Amino acid sequence: MVSLNLLAAICLGYVVFLFAVAFAAERAAAAGRTAWLRSPWVYTLSLSIYCTAWTFYGAVGYAARSGLEFLTIYLGPTLVMVGWWWGLNRLVHIGRTQRITSIADLISSRYGKSNLLAAAVTVLAVVGTTPYIALQLQSVTLSVAAFAQTDPAAPAPAAPSVTATWVAVGLAVFTVIFGTRNLDANERHHGVVMAIAVEAVVKLFALLAVGAFVVWGLAGGAGGIVERIQASPELAAWRIDGARWAGLTFLAAAAFLCLPRMFQVMVVELEDERHLRTASWAFPLYVFLISLFVVPIAVVGLEALPAGANPDLFVLTVPLAFGQEALALLAFLGGFSAATSMVIVAAIALSTMVSNHIVMPIWLRLGRGGATVSGDVRHVVLLARRLSIAGVVFLGYLYYRLSGGGAALAAIGLIAFAGIVQVLPAMIGGLFWRGATRMGALAGIAAGFALWLYTLFLPSFGADVVLPAALMAEGPFGIAWLRPYGLFGIEGLDPLIHSVLWSLSINTVLFLAVSLASFPGPLERLQGAQFVSALGAPGGARSWQGGAVQSEDLMMMAQRILGPAEAQALFRREAARQGLDGYLPEATPEFLDALERELAGSIGAAAAHAMIAQMAGGTEVSVQDLLAVADETAQMMEYSARLEAQQAELTRTARQLRAANEKLTQLSVQKDAFLSQISHELRTPMTSIRAFSEILRDMGEDGAQAGAENGAQDGAQDGAAQARYAGIIHDEAIRLTRLLDDLLDLSVLENGQVSLNIRDGTLGDVIDHAVATAAAGGERPALTVRRDPASERVPLSTDLDRLSQVFINLVSNVRKYCEAEAPELTIRTGVAGGWVTVDFIDNGRGIPTDQQELVFEKFARIGEQGAGGAGLGLAICREIMARLGGTIAYLPGQGGAAFRVRLPAAVALAAQ
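So, here's what we can say about the structure. A quick note: this is a predicted structure, and the numbers were derived from the prediction, not measured.

1. Focus: the environment of Glu819
Then, in step 1: Along the chain, the position of Glu819 falls in the loop between helix H32 (800-817) and strand S4 (824-832).
Then, in step 2: Glu819 gets classed as partly exposed once you look at its relative accessible area, which sits at 33%.
Then, in step 3: Separated by 24 residues in the primary sequence, Glu819 and Asn843 have C-alpha atoms spaced 8.2 Å apart.

So this is what it looks like as structure tokens:
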């Protein structure tokens, strides 16, 4: 039999043991022996404060009442640690770089260091955590009562309240001693964290021991427990409600992120960001182990204990029922550890929030001299935190007394979860959305908090305790659709799901709507840019104007908050960085920003910003601030990216259409020029043929008559005229035929329908044939051709006739268009790099520079030379050379007109 005196002695001894552990850790940290304190395993075990007395006692009761639904409380955090590790990494990185001290400080810092928002989050956190602290007190009280039932000498009805009072006082004292030793809330509480890690091991070992006893000591092994589960009538009635499962899983995941105690150990107490990687798999393993025997204990408890036994105490009462008092004491210590660790860390986190965001702003506002008057701010803040710890624990005790302590532990825990998750939209939105604003966050949190109070928290006290029974049954003023459990006419839902649905939905909608309708201030925009780009940003934005405050005033303020030694060390480091001999550095914007971050670790971001603002006289936006804000334009660019892409696409399409239109216009002009030119070229010979054929016809008729009248002399004259006219007709017919041949030839070449007749030959022979053909006949002066026959002994393997056609055209052009009285043509040949080049250079004036690009176009004729021509020769030459694998180009700078023909040498052509 375990007496209450023995139980009290064990609790006292355990608390002394925790004191020793915490004290040893603090001494080791002060001496610099922190290697084992900074272990990732210590960090992982500290996360176990999520597993409170609700987990140790209430999970079994939850399973006995609702079946496997208790798993949702563990599934949510597991999904966060495994599936949202990158988000946790961002959160931790922001907390460390911005020196965040609490979740209220995080929200405040993100939204322009707004103290109003920080105060709102603080009030929400205190009220939301109050039921959770009450849950821990209730669990300890119930466990003590379970032992009292076995002790005939134990006092009756007053015992629960007395137990709760002493537990609350003891927890408050322990937290004050080890939770407020350092003012800098951003410094690690090594003693508290180590004590929590030890408690994590104790509660895990205790629960595994009870579970092993139940499975192998009572049920005969794993097979026996499976048979009992299948045969249990209570468990057969278990049903899985999909909607409730999804809602509770989401609620647990959100609470894991938003609970002040979780933020304290996960972000503030983190030594190394790499520890989060280990915790991402080690913590889910811890959760798995601590929940491993929940169902077996619930099954055996329902079977072995009398009807009406409290399932929340099966972890204790099952060992007691089978005479295992030592095991029951171990289980009691496990539950006591789970309760105390939660209260300690929650009280530390909440006291920091209360002192930084409620006490300090009031002190700054009421203080006449603000931050510059004499007096020790450090003592004010420490006193505020110690009183806040006592106040937070007292509120939990008050809730416990008002609620009667009769509700199931799981129900109380879920009420706390639903309240604290009201900061989730503002927190997640602030981490990933630049457009989130302070007004949006404030509106969302206020609305969600109010709805949670009305639909869940206040009704949890029971009818006529806070809310009248008539209001809960009929609604305010008899308006039924405003009832707390049937808001807006939605009935039939579980009260918890009903409250979470309405509070979070309206919270999120207002957060988004007000953020879109409002515009952030400069500091808010800077902080937003820093948070959203946290992993890529080098540090906080500088927003202070240097030179507006004396370093002596800053030193006085820093000493009052940080303490003389810490402040002087900070100022000396800055002076050394600035290269100054003295220890008072200049108040540069960089130093003011660093000092603000240092002060934020002690009094919070909002209070630190306000104190420096009082002394520095305001802020300005520096170049680096502008760069940070400029980065914010990425948000606007993201909103308009699709519109800009569409506009760019339309611009490209319009440009392509304009280019196509210009091309069509050029083609139309070219077509008109072609039709005009071809009409001219066809009309001229046709007119000549028609005119002279009519003359011949008339002469034939007149000649016949004249011959009869005048005799043979006139006949001879008419015969000579007829011969001349017939010659003109012949020449024009040839000219017309040549034009048609050229058109047909060009069309065949352009369409790629030409067939090449590849033959071997020499370059000199081709040039000989071209010169002989082009120089024959004509009335123009004789053409002098200058050549080097030795250089023309170049073998060719190509279509010699087509190549000769090109050469003939070039030689003929010199003969036709060269303006010199004694035209000369120089033909130079050469072979280099597998290519044969032939240059044709005359001694004329050449082609004007602005017309050199047109000489190869169809129907292009340069100048007004009388030789005429359709202007197709060089266009045909270009197409021929393209088919032969070569080129023809105008060669400027040679004095006269010069063209270069370039074609592959014989080997290359043969291979091709």
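2. Comments concerning the nonpolar core
Then, in step 1: In this structure, Leu47, Tyr50, Leu251, Ile297, Val315, Leu414 and Phe417 are the most contacted members of the largest nonpolar core, which totals 163 residues.
Then, in step 2: Ignoring sequence-local partners within four residues, the contact set of Leu414 consists of Trp54, Tyr62, Ile73, Arg244, Leu248, Leu251 and Leu496.
Then, in step 3: Counting 40 residues, the second-largest nonpolar core is a separate cluster that includes Ile767, Ile827, Val838 and Ile876.

3. What about the packing of aromatic side chains?
Both the distance between ring centres and the angle between the ring planes are used here to describe each pair of aromatic rings.
Then, in step 1: One pass over the full model with this rule turns up 20 aromatic pairs.
Then, in step 2: Here a set of aromatic residues connected by ring pairs shows up, and it is made of Tyr50, Tyr132, Phe256, Phe283 and Phe417.
Then, in step 3: Above the plane of the ring of Tyr132 lies Arg261, whose end atom (NZ or CZ) is 4.3 Å from the centre.

4. Some remarks on the pattern of salt bridges
Then, in step 1: This structure, assessed with the given rule, holds 11 salt bridges.
Then, in step 2: Measuring nitrogen to oxygen at the nearest pair gives 4.0 Å for the salt bridge that ties Asp839 to Arg828. Of this pair, Asp839 sits in strand S5 (residues 835-842) while Arg828 sits in strand S4; the two residues are 11 residues apart in sequence, bridging distant segments of the chain.
Then, in step 3: One salt-bridge network, held together by shared partners, links Asp768, Arg787 and Glu792.

5. Some thoughts on the pairing of S5
Then, in step 1: Burial analysis of S5 places seven of its eight residues in the buried class, which makes it a mostly covered element.
Then, in step 2: Hairpin connection between S4 and S5: a loop of two residues separates the two successive antiparallel strands, and Gly833 in this loop has a positive phi of roughly 60°.
Then, in step 3: Relative to strand S7 (residues 898-904), S5 is paired through seven bridges, and the arrangement is antiparallel. When the sheet's bridge partners are listed, Trp835 is paired in S7 with Pro904.

Criteria and cut-off values
- Residues numbered from 1 in each chain as written.
- Predicted model: local features only at pLDDT ≥ 70, side-chain atom pairs only at ≥ 80, totals over all residues.
- Heavy atoms only, no water.
- Helix = DSSP H or I, 4+ residues; strand = E, 2+ residues; numbered from the N terminus.
- Buried < 20%, exposed > 50% of the residue type's maximum accessible area, 1.4 Å probe, protein only.
- Core = buried A, V, L, I, M, F, W, Y, C linked by side-chain atoms within 4.5 Å.
- Contact = heavy atoms within 4.5 Å.
- Phe/Tyr/Trp six-rings, centres within 6.5 Å; stacked < 30°, edge-to-face > 60°.
- Lys NZ or Arg CZ within 6 Å of the ring centre and 35° of its normal.
- Salt bridge = Lys/Arg side-chain N within 4 Å of Asp/Glu carboxyl O.
- Pairing = 2+ DSSP bridges.

It is worth stressing that arrangement in space is one thing and function is another; only the former is reported here.
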